Amino acid sequence: MNSSELRALRKITDPLADEIVTKYFTESAFDREKTMLFFDALSKNSDPIPSGLPDYLEKYFYETEDLPSWADKNKIAKGEKLFSTYGPQILMMLCVKSLPMAYSCGDGAQVLYKTGRLIEQNGVIDGVNRRLMETTQFVISVAQENGLGPQGKGIRTAQKVRLMHASIRYFLGKGKDWDPAWGQPINQEDMAGTLQSFSSLVVEGLGQSSLTLSQDEKDAYIHLWRVVGHFIGVKPELCPEGYGAAHSLGESIFSDQQKPSDAGKILAKSLLDFMEYMLPGNLFDNLPLFFLQTYMGQKTSEVLGLGWPPKNPLGYFMERIFKDIDSHEDSDEGFGKLVAYFASKLLFSMDHFYYGGKKARFWIPPSLRENWRL
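Residues numbered from 1 in each chain as written. Predicted model: local features only at pLDDT ≥ 70, side-chain atom pairs only at ≥ 80, totals over all residues. Heavy atoms only, no water.

*Asks:* Would you mind going over the nonpolar core in detail, with residue names and values included?
*Replies:* If you look at the biggest cluster of nonpolar residues, it comprises 106 residues, and the most contacted ones within it are Phe 83, Leu 163, Trp 225, Met 275 and Phe 291. In terms of residue count, the dominant contributor to this core is helix α5 (residues 73-103) (13 residues). In contact with Phe 83, other than residues within four places in its own chain, are Ile 90, Leu 91, Val 139, Ile 140, Ala 143, Gln 144, Tyr 221, Leu 368 and Trp 372. The next biggest cluster of nonpolar side chains, apart from the first, holds five residues, and it includes Met 101, Leu 201, Phe 254 and Met 296. (Core = buried A, V, L, I, M, F, W, Y, C linked by side-chain atoms within 4.5 Å. Buried < 20%, exposed > 50% of the residue type's maximum accessible area, 1.4 Å probe, protein only. Helix = DSSP H or I, 4+ residues; strand = E, 2+ residues; numbered from the N terminus. Contact = heavy atoms within 4.5 Å.)

Next comes the structure, spelled out in structure tokens:
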């Protein structure tokens, strides 16, 4: 797609979800309790269908829960198998590749900044951790085995994310500090770019991590996320089939939208703080920055204010530690081992994270726990 076509998408949102959310918040006077009930219901992804909401909201969940006619269950299963095998690395890619690339899109980053949930509040990082862990939980819910099946958590979770996006659009659109030049909040270009950051960019990142995937595996993982895109309201033509077409669309969107912004730089800093916070002690100090710079490359690193070249020699030092003594092992294999080790430690820390003395609500299926040795 060319730039003019992509820019036109910034005026388009998700009419179905927007209509439902607008009806909910305008059918009576503003009520804080009503608002909190709505957001609380959407945030509890373990609930089958939120209770206490109007009939038309319940109808939405039932009428949008079927797989699209083009969904290929065999491809979905192959995509789930890839996640089962390389889940820790995939979840690590969210922090070192997917989210940073989204933050580098200056206009789209404004939504995340304005909602205020991805940046520290008064020096307290809990809100940052909670939101990033919610994002990780979303990926686990949709990509686990049978996550998109009738009894899985993925479809219901994606349906709730769709309504959450619409509610953010509703409230930001009524605010006085939203610049129309940024486009509609969470518009179709931004949603399509985010979908690619979670799918084709992740596949690319696995290749950067010294993991060799077959074309079938790459295409299957794209297909799985194409189905997710359907459930969160991305237009069908913005969910291409196959890794090549998907990655090409993502590149077009990122090329169109990438530019420096204060919002993007603040979000990137919060992401680094999140990873540092999740890995206490001194062993991994500054290693998150090394990974961000390595996976992002020079242009994106500079857009996010991370600097260039990578300034952390610890990463290179640890990479050498993870090389076998055998002379046949090359540096790529050493880097791959470092990635696997870092990914497992990051996931372990998230799995054992506490908010104010209480364990965070973070669920990993037993089968994945066994595969990932948690």
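Read on, since the account is not over.
*Asks:* Outline the packing of aromatic side chains, listing residues and values.
*Replies:* Applying the stated criterion across every chain yields a total of 14 aromatic pairs. When the ring of Trp 178 is compared with that of Trp 182, the centres are 4.9 Å apart and the planes differ by 75°; the resulting orientation is edge-to-face. Just as Trp 178 is buried, Trp 182 falls in that class too. Ring centres 6.0 Å apart and planes at 40° place the aromatic pair Tyr 295 and Phe 335 in the tilted group. Taken as a pair, Tyr 295 in helix α14 (residues 287-303) and Phe 335 in helix α16 (residues 331-351) lie far apart in primary sequence, 40 residues in all. Classification of Tyr 295 as buried rests on a relative accessible area of 3%. Overall, Phe 335 belongs to the buried group, its relative accessible area being 8%. Put simply, the rings of Phe 290, Phe 291, Tyr 295, Phe 335 and Phe 342 pair up and form one aromatic cluster. In this arrangement the basic side chain of Lys 23 is found over the ring face of Tyr 56, its NZ or CZ atom lying 4.2 Å from the centre. Positioned above the aromatic ring of Trp 363 is the side chain of Lys 153, whose terminal nitrogen or guanidinium carbon lies 4.8 Å from the ring centre. (Phe/Tyr/Trp six-rings, centres within 6.5 Å; stacked < 30°, edge-to-face > 60°. Lys NZ or Arg CZ within 6 Å of the ring centre and 35° of its normal.)

*Asks:* Before we move on, could you go through α5 and cite the residues and values that matter?
*Replies:* Because each turn of an α-helix spans 3.6 residues, side chains separated by three or four positions end up pointing in the same direction. Helix length check: α5, at 31 residues, gives a terminal C-alpha distance of 32 Å against a target of 45 Å (1.5 Å per residue), a shortfall beyond 12%. The largest bend in α5 amounts to roughly 90° and is located at Tyr 86, with the proline Pro 88 lying one to four residues further along. Of all 31 residues that make up α5, 24 are buried, and the element is covered over most of its length. (Expected span 1.5 Å × (residues − 1). Bend = angle between axes of the 7 residues up to and from the residue.)

By themselves, these figures tell us nothing about what the structure is for.
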